[in-house]
Amino acid sequence: QVHLVESGGGLVQAGGSLRLSCAASGRTFSWYTVGWFRQAPGKEREFVSLITKSGGSTGYGDDVKGRFTISRDNGKNTVYLQMNSLKPEDTAVYYCAATEAAWESQTSRYNYWGQGTQVTVSS
């Protein structure tokens with residue numbers, strides 16, 4: 001198993017930036033593709049970004065493409081999500097998750113989840 005803990009959320013004004021971190025412990029971190037998802041009140045959890053096991057490939061949801069950047073440091077067992085040009089509609093609880101699949105954006109395919117970190121963007 002792998003245990004995930006998110007951090008870095010907070011309150012920021014529109015146009016600002018935040019960097020989220022997802023720290024992992026347990027099994028070898030580089031065995032897992034890691035994804036970021038978010039869930040706003042009254043909405044379903046949605047895909048934000050993913051990074052493959054080696055960090056060689058990344059993917060983004062249409063709403064965040066060009067504004068968010070995902071990266072990972074397998075030596076530190078950590079995945080980062082740099083969020084720039086934040087908008088009020090980015091307000092949500094952000095979760096990181098891990099899967100043994102090579103490439104996956106569906107929440108149901110992720111086996112391990114963190115507890116989430118709140119991101120609030122004010123207008």
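Quick note: structure is the one above.
Calculation rules
- Residues numbered from 1 in each chain as written.
- Predicted model: local features only at pLDDT ≥ 70, side-chain atom pairs only at ≥ 80, totals over all residues.
- Heavy atoms only, no water.
- Core = buried A, V, L, I, M, F, W, Y, C linked by side-chain atoms within 4.5 Å.
- Buried < 20%, exposed > 50% of the residue type's maximum accessible area, 1.4 Å probe, protein only.
- Contact = heavy atoms within 4.5 Å.
- Helix = DSSP H or I, 4+ residues; strand = E, 2+ residues; numbered from the N terminus.
- Pairing = 2+ DSSP bridges.
- Disulfide = S-S within 2.5 Å.

**Q** Looking at this structure, how should I read the nonpolar core?
**A** Note on soluble globular proteins: their nonpolar side chains tend to be buried together. One finds Leu 4, Trp 36, Phe 68, Val 79, Leu 81, Met 83 and Tyr 94 to be the most contacted residues of the largest nonpolar core, which totals 28 residues. Apart from residues lying up to four places away in sequence, Met 83 is in contact with Gly 16, Ser 17, Leu 18, Leu 20, Arg 67, Phe 68, Tyr 94 and Val 119.

**Q** In this structure, what is going on with the pairing of strand β7 (residues 68-73)? I would like to understand it.
**A** Residues in a regular strand point their side chains to alternate faces of the sheet. What you see with β7 is a clean split: Phe 68, Ile 70 and Arg 72 sit on the buried side and Thr 69, Ser 71 and Asp 73 on the side with no burial. Examined bridge by bridge, β7 and strand β8 (residues 78-83) share six bridges and lie antiparallel to one another. Its bridge partner lying in β8, Thr 69 is registered against Gln 82. Turn length for the β7-β8 hairpin, with the two strands adjacent in sequence and antiparallel, is four residues, and the turn residue Asn 77 shows positive phi of about 50 degrees.

**Q** Explanation requested: the environment of Val 93 in the structure shown.
**A** Mapped onto the elements of the fold, Val 93 is located in strand β9 (residues 92-99). Sequence separation between Val 93 and Tyr 32 is 61 residues, and the spatial gap between their C-alpha atoms is 22 Å. Sequence-distant contacts of Val 93, defined by excluding residues within four places in its chain, comprise Phe 37, Arg 38, Gln 39, Gly 116, Thr 117 and Gln 118.

**Q** What is the right way to look at the state of the cysteines in this model?
**A** Here the structure, examined in full by the defined rule, presents one disulfide. Disulfide pairing is shown between Cys 22 and Cys 96; the S-S distance is 2.1 Å. Torsion about the S-S bond of the Cys 22 and Cys 96 cystine: about 65 degrees, corresponding to right-handed handedness. Taken together, the residues Cys 22 in strand β3 (residues 18-26) and Cys 96 in strand β9 connect sequence positions 74 residues apart. For Cys 22, a relative accessible area of 0% puts it in the buried group.

Keep in mind that these numbers describe shape and distance, not what the molecule does.
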